Amino acid sequence: MENTEDDVFKQASVIVDCDVLEAAKENIQPLASGRRVTTLSAILQTPHAQRDAQLLAARKRFRTNIQIALEDEDDDPLEAYSRFVQWTLENYPQGQSAESGLLELLEEATRVLKDNREGRWKRTSMYLKLWVLYASYVEKPTIIYKFLLANDIGTDYALLYEEHAAALERAGRRSEADAAYLLGIARQAFPLDRLVTKHGEFQKRMMTAATIPPQRAPNAPPRRTALGVTSSSPAAVPLFVSNSQAPSSLSQADAHGSRPGPRLGTNTRLQIFVDPSGAESAGVTDSVTPYPDIGTRKSRVKENIPEVSKAAGSTLKQAGRTRRIVSGLNSGAIVSKIVPFRDPGPDMDIEAKVVMAPPPVPMSRQKDAVPKTPTRTSAIIPFHDVPDGGGIPSTPRFTPFRDEATATLAPETVMKPKTVGGGPVIGSEAEALRKDPLKNYSTEECPRDD
């Protein structure tokens, strides 16, 4: 089998530019085993086109090695799949994505190797680690761990019980997590000392969580003060205190050298607040209320009434200087169209009487009035169609649309699916595996998660 352990990005220089890593640190998924700085630097500094070509070539080599290992009885397909997974983790810093296809690769490796060579890989730790890595990318990892226990995969190793209990603890199922630890201890899983230590740490966390009350978040809003506490509480005091009782209670608190906190009432009886009355009420009203009289309606709506001032000595606002100049320049050019009518006097002659006529009736008030077309210097000449050769001019014919005799197919879509492992991959396959990691197994093999 061809050795492809070395990553495909090779550079002569071993000097690493840490600024490149710092700029891309948000797109790098951390690993528990860590990452090689030289590999990260080579990946981030390689152009995208050259990087994709190198990754595709390396994928083809890994696929070829896996195919050969599955067909050859003397070869190890588990080692081939493990190298492929490790190479994917190192050369795709972002982790699971459509480009890396890590989730699909893990599902394929665990499913193909489950019954390969009569299930000889079920008792190996390397095969168990592939399942544990696969469970870290799904929504409900407890389903995978139940599947492993049901199919007797990795049951000899403490890693199975530790990861199963940790997944149950994160889900809040503490009793089941404790049962998972006890099951591994009862089966003498290797290494047993580490499993016992993990179980002891789990029990300490459970005891600590039971004794310490839950703490509020730093940005949480303040809790609303309860209306009262139980009668057995030592701080049970009336909730509401009238104004007549307030000075005495304050003086007693000052005498003891402390001021009372928020008063809480008992559950036996709720004190009703009573407004002060009589002379005490009048005194409190005079001292507290700044508006003894609300006034009349006229005084309340005074903002809507213009202020009255004397005209004597006031200056009237005139039009602006620019407006006065324009009106003065155009005063001679503007001629009023309204001609005032004057009755003829006794000393006016007959010709003057004939000349002076009443004002004309507007067009809007005249009946059967025909609007006059304004005269122009040039006459309007109507346009006449002059057909070539005489006769009626020809009208353009309407040509209906007809399908072509040989229909042309629509061009294929420009969007191409991502290729992972040499074949097309459906875009929702990773999401389906994340929600149902055992969707490619039969119903009888899949356990039920309570």
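The residue count restarts for each chain, going from 1 along the sequence in the order it is written. Only residues with pLDDT of at least 70 are given local features in this predicted model, and only at 80 or more are side-chain atom pairs given and counted; all residues enter the totals for whole chains, interfaces and linings. To get the side-chain values, all heavy atoms of the structure are used, and hydrogens and water are removed first.

1. A closer look at the overall build of the chain
Secondary structure elements are defined from DSSP: runs of H or I of at least 4 residues count as helices, runs of E of at least 2 residues count as strands, and each element is numbered from the N terminus. When helices and strands are counted, the chain shows 16 helices and two strands. Residues classed as buried in the chain amount to 24% of the 450 residues present. Any two residues whose heavy atoms approach within 4.5 Å at even a single point are treated as in contact. Of the contacts formed within the chain by residues at least 6 apart in sequence, a portion of 64% connects residues at least 24 apart. Only the protein chains shown count as cover for residues, with accessible areas throughout obtained via the Shrake-Rupley method and a probe of 1.4 Å. Accessible surface, the chain: about 34,400 Å² in total, of which carbon and sulfur atoms supply 56%. Relative accessibility thresholds used throughout: buried, under 20% of the residue-type maximum; exposed, over 50%; partly exposed, between the two (1.4 Å probe, protein chains only).

2. Focus on the pattern of salt bridges
The salt bridge criterion pairs a side-chain nitrogen of Lys or Arg with a carboxyl oxygen of Asp or Glu, the two atoms within 4 Å. Counting across every chain of the model gives 15 salt bridges. Between Glu22 and Lys25 there is a salt bridge, and its shortest N-O distance comes to 2.8 Å. Overall, Glu22 belongs to the partly exposed group, its relative accessible area being 48%. Under the relative-accessibility criterion, Lys25 is labelled partly exposed at 47%.

3. Observations concerning the packing of helix 3 (residues 48-71) against helix 4 (residues 77-91)
In this analysis an axis means a line fitted to C-alpha atoms, helices contributing only their contacting stretch, and an angle means the value between N-to-C directions, from 0 to 180 degrees. Packing of helix 3 against helix 4 leaves a shortest axis separation of 8 Å and a crossing angle of 165°. Taken together, the axes of helix 3 and helix 4 are roughly antiparallel relative to one another. At the point where helix 3 passes helix 4, the crossing takes the left-handed sense. Contacts between helix 3 and helix 4 involve Leu55, Ala58, Arg59, Phe62, Arg63, Asn65, Ile66, Ala69 and Leu70 on the former and, on the latter, Pro77, Ala80, Tyr81, Arg83, Phe84, Trp87, Thr88 and Asn91. Each residue receives one of three labels: charged for Asp, Glu, Lys and Arg, nonpolar for Ala, Val, Leu, Ile, Met, Phe, Trp, Tyr, Cys and Pro, and polar for the others, Gly being one of them. Its residues assigned to classes, the contact of helix 3 with helix 4 comprises eleven nonpolar, three polar and three charged. What sets the label is the angle itself: under 35 degrees gives roughly parallel, over 145 gives roughly antiparallel, 65 to 115 gives roughly perpendicular, and the rest give oblique. Two helices cross in a left-handed way if the nearer one is turned anticlockwise from the farther one by less than a right angle. They cross in a right-handed way if the turn is clockwise.

4. Concerning helix 5 (residues 102-112)
Counting buried positions over the eleven residues of helix 5 gives eight, a clear majority of the element. Of the surrounding elements, those touching the buried residues of helix 5 are helix 3, helix 4, helix 6 (125-135) and helix 16 (429-435).

5. Topic: the packing of aromatic side chains
By convention, a stacked pair of Phe, Tyr or Trp rings (six-membered ring in the case of Trp) has centres within 6.5 Å and planes under 30 degrees apart, an edge-to-face pair has planes over 60 apart, and any other such pair is tilted. Tallied over the entire structure, the rule returns nine aromatic pairs. Both rings, one in Trp131 and one in Phe147, keep their centres 5.5 Å apart while their planes meet at 40°; by these two values the pair is tilted. Pair noted here: Trp131 is in helix 6 and Phe147 is in helix 7 (residues 141-150), with a separation of 16 residues, a long-range link. Note on accessibility: Trp131 and Phe147 belong to one class, buried. Taken together through their ring pairs, the aromatic side chains of Tyr127, Trp131, Tyr134, Phe147 and Tyr441 make up a single cluster. The rule is short: NZ of Lys or CZ of Arg within 6 Å of the ring centre and within 35 degrees of the ring normal puts a charge over the ring. One cation-aromatic arrangement involves Arg120 over Trp121; the distance from NZ or CZ to the ring centre is 4.6 Å.

6. Some points on the layout of surface pockets
Where empty space is left becomes clear once a probe the size of a water molecule has been rolled over the atoms. Taken as a whole, the largest pocket encloses approximately 1,000 Å³ of empty space. Forming the walls of the largest pocket are 37 residues, and the residues nearest its centre are Ser33, Gln86, Leu89, Lys129 and Leu133. Mapped by element, the contributors of at least two residues to the lining of the largest pocket are helix 4, helix 6, helix 7 and helix 8 (158-170). Here the element with the most residues in the lining of the largest pocket is helix 4; it accounts for nine residues. Looking at side-chain class alone, the lining of the largest pocket contains 19 nonpolar, eight polar and ten charged residues. Here a cavity is any set of points on a 1 Å grid over the protein atoms alone where a 1.4 Å probe fits but cannot get out, and a pocket is any open set with protein on both sides within 12 Å along at least 5 of 7 lines; a residue lines the site when it has an atom within 4 Å of a point. Grid points are joined across faces, edges and corners, and a volume is the space filled by probe spheres set on the points.

7. Brief notes about the nonpolar core
Looking at soluble globular proteins, one finds that nonpolar side chains tend to be buried together. Membership of the largest hydrophobic core comes to 52 residues, with the highest contact counts inside it found for Trp131, Tyr134 and Leu148. Once residues within four sequence positions are removed from consideration, Trp131 is found in contact with Thr110, Ile144, Phe147, Leu148, Ile153, Leu438 and Tyr441. Think of a nonpolar core as a cluster: buried Ala, Val, Leu, Ile, Met, Phe, Trp, Tyr and Cys residues, connected wherever their side-chain atoms sit within 4.5 Å.

8. Considering the side chain of Gln96
You can see Gln96 is positioned in the loop between helix 4 and helix 5. Identification of polar contacts relies on pairs of N or O atoms within 3.5 Å, with a donor-acceptor requirement for protein atoms, meaning one able to donate a hydrogen and the other able to accept it, and with residues adjacent in sequence counted only if both atoms are side-chain atoms. Polar contacts involving the side chain of Gln96 include one to the main-chain amide nitrogen of Leu102, which spans 3.1 Å. From its side chain, Gln96 meets the backbone nitrogen of Leu103 in a polar contact 2.8 Å long. Apart from residues no more than four positions distant in its own chain, Gln96 is found in contact with Gln29, Gly101, Leu102, Leu103, Glu104, Tyr137, Ala430 and Arg434.

9. Side note on the packing of helix 6 against helix 8
Relative orientation and spacing of two packed helices are given, respectively, by the angle between their axes and the distance between those axes. Between helix 6 and helix 8, the shortest axis-to-axis distance is 10 Å and the interhelical angle comes to 10°. Taken together, the axes of helix 6 and helix 8 are roughly parallel relative to one another. Between helix 6 and helix 8, the residues in contact are Leu128, Lys129 and Val132 and Leu159, Leu160 and Glu163, respectively. Here the residues of the contact of helix 6 with helix 8 sort into four nonpolar, no polar and two charged.

10. Side note on unusual backbone geometry
For the bond running from Phe190 to Pro191, omega is -5°, close enough to zero to count as cis. In this structure, Pro191 sits in the loop between helix 9 (174-186) and helix 10 (192-211). Phi is positive for Arg117, which is not a glycine, with a value near 55°. Here Arg117 lies in the loop between helix 5 and helix 6. Relative accessible area serves as the criterion here: at 16%, Arg117 is assigned to the buried category. The phi angle at Gln188 is positive, at roughly 60°, despite the residue not being glycine. Its relative accessible area of 54% is what places Gln188 among the exposed residues.

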